[in-house]
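Observations on the model geometry
Single-letter residue listing:
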Amino acid sequence: MYTSEELYRFAAAAYAEAKACLVADEVPVGAVVVYQNEIITTGRNRIVELHDPTAHAEMLAIRAAAAKLGNERLMGCDLFTTLEPCMMCSGALLFARIRKVYYLARELRLPALRSVLELPGHNHKIDLELLDFAQLDAAKLLRGYFEAKRGNSR
């Protein structure tokens, strides 16, 4: 569907959003929505900034995409994110009818998108792909953020 260069470009844009979170002391997660091979919206965690526990990168990116396209159904849209979406974001992705999610790091602690996709009864299927680009090590970015937080709190 996408060339390797396109995959890298879209993943790198999500990674850049994640890195921007560090300045605002937000958990570094970034996302972009792609439609017709173009990035139409971006998002990054803004939970602390907005005092909103739902202000995850994926939620902000899909909200903006729905507004931009003038439709709550994001048919033909794909999401690139630095971290496998959580349960909340996974539900929103299902309702938005996102076609495919590409992500750079697995969510290891909490059930996430892989778990939602295993639930019987939902009427929309999201394809899921873990991307492996050494230069875009989202897991390392997250580890560094949390190690610094633990180091600062001692």
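What comes next concerns the included structure.

Rules and cut-offs
All residue numbers here refer to positions counted from 1 along the written sequence of the relevant chain. Where local features are concerned, this predicted model is filtered to residues with pLDDT of at least 70; where side-chain atom pairs are given and counted, the filter is 80 or more; whole-chain, interface and lining totals use all residues. To get the side-chain values, all heavy atoms of the structure are used, and hydrogens and water are removed first. What makes a nonpolar core is a set of buried Ala, Val, Leu, Ile, Met, Phe, Trp, Tyr and Cys residues whose side-chain atoms join them at distances within 4.5 Å. Each residue is placed in one exposure class: buried if its accessible area under a 1.4 Å probe, protein chains only, is under 20% of its type's maximum, exposed if it is over 50%, and partly exposed if it falls in between. Note on definitions: a residue-residue contact is assigned when non-hydrogen atoms from the two residues lie within 4.5 Å. To obtain each axis, a line is fitted to C-alpha atoms, and for helices this fit is confined to the stretch in contact; angles are then taken between N-to-C directions over 0 to 180 degrees. In this description a helix means any DSSP run of H or I spanning at least four residues, a strand means any run of E spanning at least two, and both kinds are numbered starting from the N terminus. Geometric relationships in this document are graded by angle, where less than 35 degrees denotes roughly parallel, more than 145 denotes roughly antiparallel, 65 to 115 denotes roughly perpendicular, and other angles denote oblique. Whether a crossing is left-handed or right-handed is set by the direction in which the near helix is turned from the far one by less than a right angle, anticlockwise for left-handed and clockwise for right-handed. Side-chain classes are defined by residue name, with Ala, Val, Leu, Ile, Met, Phe, Trp, Tyr, Cys and Pro counting as nonpolar, Asp, Glu, Lys and Arg as charged, and the others, Gly among them, as polar.

1. With respect to the nonpolar core
Counting 40 residues, the largest nonpolar core has Val33, Ile62, Leu79, Phe80, Ile98, Leu104 and Leu131 as its most contacted members. If near-sequence neighbours (up to four positions away) are discounted, Leu79 is found in contact with Ala31, Val32, Val33, Glu58, Ala61, Ile62, Leu93, Ile98, Lys100, Val101 and Tyr102.

2. With respect to the packing of helix α3 (residues 57–69) against helix α4 (residues 87–96)
Between α3 and α4, the least distance of the axes is 9 Å, while the angle of their chain directions is 20°. Comparing their axes, α4 and α3 come out roughly parallel. Crossing handedness for the pair α3 and α4: left-handed. Across the interface between the two elements, Glu58, Met59 and Ile62 of α3 pack against Met88, Cys89, Ala92 and Leu93 of α4. Residues belonging to the contact of α3 with α4 are distributed by class as follows: six nonpolar, no polar and one charged.

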